[in-house]
Amino acid sequence: MRKMSAALLTAALAFGAHAPAHAAEPCQLVRMATMDANVDGSDHLYVPAEMAGRKTNLMIDTGGAWSLIKAELADELKLERHYNQSSDFVDASGKSMRQYVRVPGLKLGDLAFKGPTDFIVMEGYRDGDLDRFGGTIGLNIIARFDVELDNAAKRINLFHPKHCPRIGAYWADEYVELPLINANGLPETKVDIEGETVRALIDTGATRTFMDTGLARRKWGITPQSPGVTPSGDLTLPTGKTVKMYDYTFKNLTVSGFHFSNVEVVLTEDTGGLTLGMSELKHLRLYFSFKEELLFATTADATR
């Protein structure tokens, strides 16, 4: 494995490292789609899509249990609104998300989906630019596949979920294998941070990395009153609760053998542990094997 960039130091893969036992196996991954992603300044991955024949781009959101569609796009497509009375979720602006639509003719790249696909209507995000961004692809869609996020190439690969066990990190000689836990529909894992095992959400929909204030206090004695901690506003959680946010920069942060430097973290309560956002995930290459409940990870530039 080659060295990482200056922002991401050399990965010491002693934690959970493997040499691929599948090298001589006859089994093959079955690639169902390859999509070159568009990116913006936040390093999010947007894939070309069609919704009822309308071309747009949808953001890959591994931290979202459901896929979302912008309200103005749903209106343009004249999609009937349905109500989910049991949903109490809100978006980042605090707007309720109780309506959903059924999108006919969904395509991701060249992969066409049979029948309609449900999308929750996102009311709080209106900018008129539906060509650039029409919504998100969440776990209700991508968890049907094995998903590879190749951040170096800015490419998303979707594979058939039935294949030989532990074939995930096919591109590298060494990799980290982590458990993939279904936490209320979200893909959480357990990572080692400075000797402590904590829950972590792998969230490509988050621009930055979030850390629970309890974890920061236990491991480093960092509180909202500590030097270097600055208030950065309020955050509305999906439950509707509003919490305070604080910014803090870790000079070094080791997550399951991956060494990050100058990590700008948002400290807030009720996050449960760690949420890795694109500010750090962009340095990794990830393979989600939802059927096996495993996550494989290497540095973004790892090769055989």
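Because the structure is predicted, anything quoted here is derived from the model rather than measured. (Residues numbered from 1 in each chain as written. Predicted model: local features only at pLDDT ≥ 70, side-chain atom pairs only at ≥ 80, totals over all residues. Heavy atoms only, no water.)

Just checking my understanding: could you explain the packing of aromatic side chains for this structure?
Given two aromatic rings, their pairing is described by the distance between the two centres and the angle made by the two planes. Enumeration according to the criterion identifies 10 aromatic pairs in this entry. Note on Tyr287 and Phe296: the rings are 6.2 Å apart at their centroids and 70° apart in plane angle, and the pair reads as edge-to-face. For Tyr287, a relative accessible area of 0% gives the class buried. With centroids separated by 5.7 Å and ring planes inclined at 10°, the aromatic side chains of Phe288 and Phe290 adopt a geometry described as stacked. (Phe/Tyr/Trp six-rings, centres within 6.5 Å; stacked < 30°, edge-to-face > 60°. Buried < 20%, exposed > 50% of the residue type's maximum accessible area, 1.4 Å probe, protein only.)

I'm lost on the side chain of Asp43 in this one. Help?
Its place among the elements puts Asp43 in the loop between strand E3 (38–39) and strand E4 (45–51). Overall, Asp43 belongs to the buried group, its relative accessible area being 18%. A distance of 3.2 Å separates polar atoms of two side chains, one belonging to Asp43 and the other to Lys282. (Helix = DSSP H or I, 4+ residues; strand = E, 2+ residues; numbered from the N terminus. Polar contact = N/O pair within 3.5 Å; in protein donor to acceptor, adjacent residues only side chain to side chain.)

For this particular structure, what's the right way to read unusual backbone geometry?
For residues other than glycine, phi is negative in most cases, and the peptide bonds are mostly trans. Phi is positive for Ala52, which is not a glycine, with a value near 55°. Relative to the assigned elements, Ala52 resides in the loop between E4 and strand E5 (54–60). Relative accessible area serves as the criterion here: at 39%, Ala52 is assigned to the partly exposed category. The backbone of Lys154 sits at a positive phi, close to 55°, despite the residue not being glycine. Here Lys154 lies in the loop between strand E13 (146–150) and strand E14 (155–159). According to the relative accessible area criterion, Lys154 is partly exposed, its value standing at 22%.

Is there a simple way to explain the pattern of salt bridges in this structure?
A pair can form between side chains of opposite charge whenever their charged atoms are brought close. All told, the structure shown has 16 salt bridges when counted by the stated rule. One salt bridge connects Asp75 with Arg81, and the closest N-O pair in it is separated by 2.8 Å. With a relative accessible area of 42%, Asp75 lands in the partly exposed category. Judged by relative accessible area, which is 22%, Arg81 ranks as partly exposed. The shortest N-O distance in the salt bridge between Asp129 and Arg132 comes to 3.7 Å. On the basis of relative accessible area, Arg132 is assigned to the partly exposed category, the value being 33%. Each member of the salt-bridge network shares a partner with another, and the members are Arg54, Glu76 and Asp131. (Salt bridge = Lys/Arg side-chain N within 4 Å of Asp/Glu carboxyl O.)

What am I meant to see in the pairing of strand E8 (residues 99–103) here?
One face of the sheet, then the other: side chains in a regular strand alternate in exactly this way. Within E8, four of the five residues are buried, which leaves it mostly tucked inside the rest of the structure. Judged from the two bridges that link them, strand E7 (residues 82–83) and E8 form a sheet pairing that is antiparallel. Residue His82 lies in a different strand from E8, and its bridge partner there is Tyr100. Of the pairings in the sheet, the one linking E8 to strand E11 (residues 117–122) comprises four bridges and is antiparallel in character. Of the residues in E11, the one forming a bridge with Val101 is Phe119. (Pairing = 2+ DSSP bridges.)

Sorry, what's going on with the environment of Trp66 here?
Position of Trp66 relative to the elements: it lies in the loop between E5 and strand E6 (68–70). Using a relative accessible area of 43% as the deciding quantity, one classes Trp66 as partly exposed. Separated by 73 residues in the primary sequence, Trp66 and Leu139 have C-alpha atoms spaced 5.8 Å apart. Not counting residues within four places of it along the chain, the set of residues in contact with Trp66 comprises Asp118, Ile120, Thr136, Gly138 and Asn140. (Contact = heavy atoms within 4.5 Å.)

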